[in-house]
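Secondary and tertiary structure notes
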Amino acid sequence: VYKRQDLRYFFISLKANQKLKYMKIKKLLFASALLFSAYNAAAQTQVIAHRGFWKTEGSAQNSIAALLKADSIGCYGSEFDVWLAADDQLVVNHDPTFKGKRMENSPSTALTAIKLDNGESLPTLAKYLKAAQPLHTRLILELKAHSTPLRETKAIEKIVSLVKDMGLEKRMEYITFSLHATKEFIRLAPEGTPVYYLDGNLSPKELKELGCAGPDYHYTVFRKHPEWIRECHDLGMKVNAWTVNKTDDMKWLIDRKVDFITTNEPVQLQNLLKK
């Protein structure tokens, strides 16, 4: 038979244990909620502004203004294009020939004298990355296919070195249509840097074997091979689709849980993702 004091200690101990179990369950539920929230955030399709957010006042394709505006609306990433000029300087522009100047055959001084549609000078990569330093958006650098593999390798060596000097390695992702350049980015960029192939002619398994982070294919490729989206995810790779400007195409890709959509209409895509 318990004494009265022994019974008192027994019930106090029982109550304490029940409270401890409750606190443990509460912590477990809280941790599960955080994990679920993080999973949903990671699983949601992210927005990449194609050549920056240029379809807005005061902006232009591949301009520094477009980069700043992409960051200001909270885009995951801002995509831009890079060439190696004749004097081995890196410049930001899409077309191989722009306003009468051929990117690979012109010195950077002649290229940076060109005015973009918003009045900015065509930027060097160094100037572009300097503007990116205080921002948050990830930098999706597309190296254009050059005239020779040698020039692509030289461009990549310079890109990787410049990015390191500017302290931007953790915010960089690389994309290219050139298979040679894809392999060189994987070889020369810091381990773990996302590198995506653009051409659309390799299967998920082939991309995985190369060491790619995944495909960055035109959305029509995924319309033709919708199974590739699941295959990529099963292989631990990400999926990006470009350049997606129509609501129906955006919805189709979102429903299939692609990781990124590159678009000229980032605000439209953001609004769609909020619904």
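Presented here is an overview of the structure given in this document. Just so it is clear, the structure is predicted and the values come from calculations on it, not from any experiment. (Residues numbered from 1 in each chain as written. Predicted model: local features only at pLDDT ≥ 70, side-chain atom pairs only at ≥ 80, totals over all residues. Heavy atoms only, no water.)

1. Topic: the pairing of strand β1 (residues 46–49)
- Across four bridges, β1 lies against strand β11 (residues 260–263) in parallel orientation. Of the residues in β11, the one forming a bridge with Gln46 is Phe260.
- Note that β1 and strand β2 (residues 77–84) share two bridges and pair parallel. Paired with Ile48 across the two strands is Gly77, which belongs to β2. (Pairing = 2+ DSSP bridges. Helix = DSSP H or I, 4+ residues; strand = E, 2+ residues; numbered from the N terminus.)

2. Overview of unusual backbone geometry
- Residue Arg51 is not a glycine yet carries a positive backbone phi of 60°.
- Relative to the assigned elements, Arg51 resides in the loop between β1 and α2 (64–72).
- A positive phi angle, near 50°, is found at Lys99, a position not held by glycine.

3. Digging into the packing of α2 against helix α4 (residues 125–132)
- Between α2 and α4, whose axes approach to 10 Å, the crossing angle comes to 25°. Taken as axis vectors, α2 and α4 run roughly parallel relative to one another. Considering only the axes of α2 and α4, their crossing is right-handed. When α2 is examined against α4, the residues Ile64, Leu67 and Leu68 are found in contact with a partner set consisting of Lys127, Tyr128, Ala131 and Ala132.
- A class-by-class count of the residues in the contact of α2 with α4 yields six nonpolar, no polar and one charged. (Axes fitted to C-alpha atoms, helices over the stretch in contact; angles between N-to-C directions. Parallel < 35°, antiparallel > 145°, perpendicular 65-115°, else oblique. Left-handed = near helix turned anticlockwise from the far one by under 90°. Contact = heavy atoms within 4.5 Å. Nonpolar A, V, L, I, M, F, W, Y, C, P; charged D, E, K, R; others polar.)

4. Here's the deal with α2
- Within α2 the residues assigned to the buried category are Ile64, Ala65, Ala66, Leu67, Ala70 and Asp71.
- Packing partners of the buried residues in α2 comprise β1, β2, α4 and β6 (138–143).
- Within two residues after α2, Gly74 carries a phi angle of roughly 80°, on the positive side. (Buried < 20%, exposed > 50% of the residue type's maximum accessible area, 1.4 Å probe, protein only.)

5. What about the packing of aromatic side chains?
- For the coordinates displayed, the defined rule picks out seven aromatic pairs.
- Ring plane angle 35° and centroid distance 4.4 Å describe the contact between Phe80 and Tyr128, whose orientation is recorded as tilted. Taken together, the positions of Phe80 in strand β2 and Tyr128 in helix α4 put the pair 48 residues apart, joining distant regions of the chain.
- Judged by its relative accessible area of 0%, Phe80 is buried.
- Assessed through its relative accessible area of 1%, Tyr128 is described here as buried.
- Relative to Trp228, the ring of Tyr217 lies with its centre 6.2 Å away and its plane at 55°, an arrangement referred to as tilted. Placement of the pair is Tyr217 in strand β9 (residues 214–218) and Trp228 in helix α9 (residues 227–234), with a sequence separation of eleven residues.
- Site record: aromatic cluster; members linked through ring pairs are Tyr76, Tyr196 and Phe260. (Phe/Tyr/Trp six-rings, centres within 6.5 Å; stacked < 30°, edge-to-face > 60°.)

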